[in-house]
2 protein chains.
Amino acid sequence: MSQTVDRALSILPLLARGPADLGTVAAELDVHKSTALRLLRTLHEHGLVHRQRDQRYRLGARLFTLAQEAVANLDVREVAHAHLMALNESCGHTVHLAVYEEREVLYIDKVESRYPVRMYSRVGKPVPITVAAVAKLLLADLPEAERRALAERLDYPQYTPRSTPDAAAFLRELATVREQGWATDLGGHEESINCVGAPIKGPDGRVVAAMSVSAPNVVVSAEELLTLLPHVRRTADAISREYAGTTPPKEAATG
Amino acid sequence: MSQTVDRALSILPLLARGPADLGTVAAELDVHKSTALRLLRTLHEHGLVHRQRDQRYRLGARLFTLAQEAVANLDVREVAHAHLMALNESCGHTVHLAVYEEREVLYIDKVESRYPVRMYSRVGKPVPITVAAVAKLLLADLPEAERRALAERLDYPQYTPRSTPDAAAFLRELATVREQGWATDLGGHEESINCVGAPIKGPDGRVVAAMSVSAPNVVVSAEELLTLLPHVRRTADAISREYAGTTPPKEAATG
DNA sequence: AGTCGCGTTGCATGTACTGCAACGGTCGTT
DNA sequence: AACGACCGTTGCAGTACATGCAACGCGACT
């Protein structure tokens, strides 16, 4: 809505692809060099971009600090962390915590597997939204209209033969998930990786986050992993209760 | 330099302190509500701020993604990680990796101690710049003029009696560090915590990052920790060599 | 030494940002 | 249930401010 700011912010994802010099930035924004310069300078003053010795621009450290503070505001994460650690202690597998925001699902915490074979993922990375167990849990709770609209607009990449094929199938899956109160991803993203997840609910009953346990076939079979379901659900419920306790009753905080 | 962008970006640190509504933001920026609205909308479209259910604004998830991608561009981190893990495996203590950028030093990687008593720190958090071993290493390598100017401008908080007292002492310390090629922090930040660190150098010999091992007194004494120095230096040198190998010879990348 | 490329600066033009005032919805109150 | 207060939102006129141009300075490469 604000042209200047819009242009300035467009520089960030551009630099996320790697360092760039002034000319490149100006060309990509389709503005004059002097314009790009002033925008970059402003970003620089705020620490969002950094100028390296060869004069090219990179994303800056302040982004780190901000992201850090952003996550600090997500109270669920604080509450959940200890529970996730405990779950990891007892089962040994990778544990994830994720939230939904602005048509994206992303991991906000992770406890690494104690097994040598680990799943690749990273806190802050968007989650494959059509297949991940945590994504299903979070989307299943969206208001009907929003859920339907989102499902229609998504891409359905066929990571594996078991990936969700299309919007219709996805919506059916979400209905099931909402009804049963838990979700799985059985090789829908990576052929050999399975996940079981459960929702974390706020005091108003709405899903504020989702957690899952993931393990590769080579460590435990899908059936064995499913035996962890009660444990996962108990953990999620425990987090929900503690979260309800710490959250000011009226505050409808997302995360 | 660009008023509009400047104002828009000022919103981010403001929201980092916690969610805020439109009126608050407008008041803090000292602009009209409608102006604040348009800025917030633009930030929103780019995913940098998120609107929660109570209509208040929070920092958004895209910040995470960007920070994530920013760090992915720091090649030192990629190279260093395995070495840091190995060092942690062998000694068990907390291992940190840090870089200098825009008058700040910050942790970009960390391997947690295997001992129950752990040092508090967080990736992305600014480092106490006048006392931390990694900060000394990074600042010691700055060009004379910049180093001196920075030292004069810093605050010297007395965390403990052994904290660096003033600019003169700090500059002397940096000279020593530069000469000996390693640094310590013996209770200068937290009374009971000691660190030993060594620099990681780029192909041109300049310090691109610094690493350190930290442990509380209750686990090992300062003397014991110092016996790890050769090990730490060997690790830092190994990273330097590998980094020199992977870095295009001409690229003067900061991180 | 000369030329090319890139970042930088000052300035005139006009665009798009600003603040105002009025509207509409929601919540809390009487 | 009706009223009032509050907050977010919209359209608009004026003008501050962002834009692009052209010229300069600097360093690298030939």
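Everything quoted here is computed from the prediction, not taken from an experiment. (Residues numbered from 1 in each chain as written. Chains lettered and ligands numbered in written order. Predicted model: local features only at pLDDT ≥ 70, side-chain atom pairs only at ≥ 80, totals over all residues. Heavy atoms only, no water.)

Draft legend 1. Spotlight on the relation of the copies chain B and chain A. Laying chain B over chain A is done by rotating through 179° and shifting 0.1 Å along the axis; what remains is an RMSD of 0.1 Å. These values place the two chain copies in the arrangement generated by a two-fold rotation axis. For chain B, the residue whose C-alpha comes nearest the rotation axis is V5 of chain B, separated from it by 2.4 Å. A share of 100% of interface residues in chain B that are also interface residues in chain A marks the association as one of identical surfaces. (Least-squares fit on C-alpha atoms with pLDDT ≥ 70 in both. Contact = heavy atoms within 4.5 Å.)

Draft legend 2. Quick look at the domain arrangement of chain A. Segmenting chain A into domains produces domain 1 (3-65) and domain 2 (73-246). Distance from the C-alpha centre of domain 1 of chain A to the C-alpha centre of domain 2 of chain A: 35 Å. (Domains from an automatic or database assignment.)

Draft legend 3. Representation of the protein's contact with DNA strand D in the model. Taken together, 21 residues lie around DNA strand D, and T35 and R38 of chain A together with Q3, L37 and R41 of chain B are the ones closest in. Per the 4 Å cut-off to the protein, sugar and phosphate atoms form 72% of the nearby atoms of DNA strand D. Between DNA strand D and R51 of chain B, the relevant distance is 2.9 Å, taken from a phosphate oxygen to a side-chain nitrogen or oxygen of the residue. With four residues, helix α3 (residues 33-45) of chain B is the single largest residue contributor to the surface near DNA strand D. (Near = heavy atom within 4 Å. Polar contact = N/O pair within 3.5 Å; in protein donor to acceptor, adjacent residues only side chain to side chain. Helix = DSSP H or I, 4+ residues; strand = E, 2+ residues; numbered from the N terminus.)

Draft legend 4. Structural context of the packing of helix α1 (residues 3-16) of chain B against α3 of chain B. All names here are of chain B. Contact geometry for α1 and α3: axes closest at 10 Å, N-to-C directions at 70°. Looking at the two axes, α1 sits roughly perpendicular to α3. Taken together, the residues of α3 that come into contact with α1 (itself represented by T4, R7, A8, I11 and L12) are L39, L40 and L43. Looking at the contact of α1 with α3 residue by residue, the classes come out as six nonpolar, one polar and one charged. (Axes fitted to C-alpha atoms, helices over the stretch in contact; angles between N-to-C directions. Parallel < 35°, antiparallel > 145°, perpendicular 65-115°, else oblique. Nonpolar A, V, L, I, M, F, W, Y, C, P; charged D, E, K, R; others polar.)

Draft legend 5. Fine view of unusual backbone geometry. Residues and elements named next belong to chain A. One non-glycine residue with positive phi stands out, namely D30, at about 60°. Note that D30 resides in the loop between α2 (22-29) and α3 (33-45). Its relative accessible area of 67% is what places D30 among the exposed residues. (Buried < 20%, exposed > 50% of the residue type's maximum accessible area, 1.4 Å probe, protein only.)

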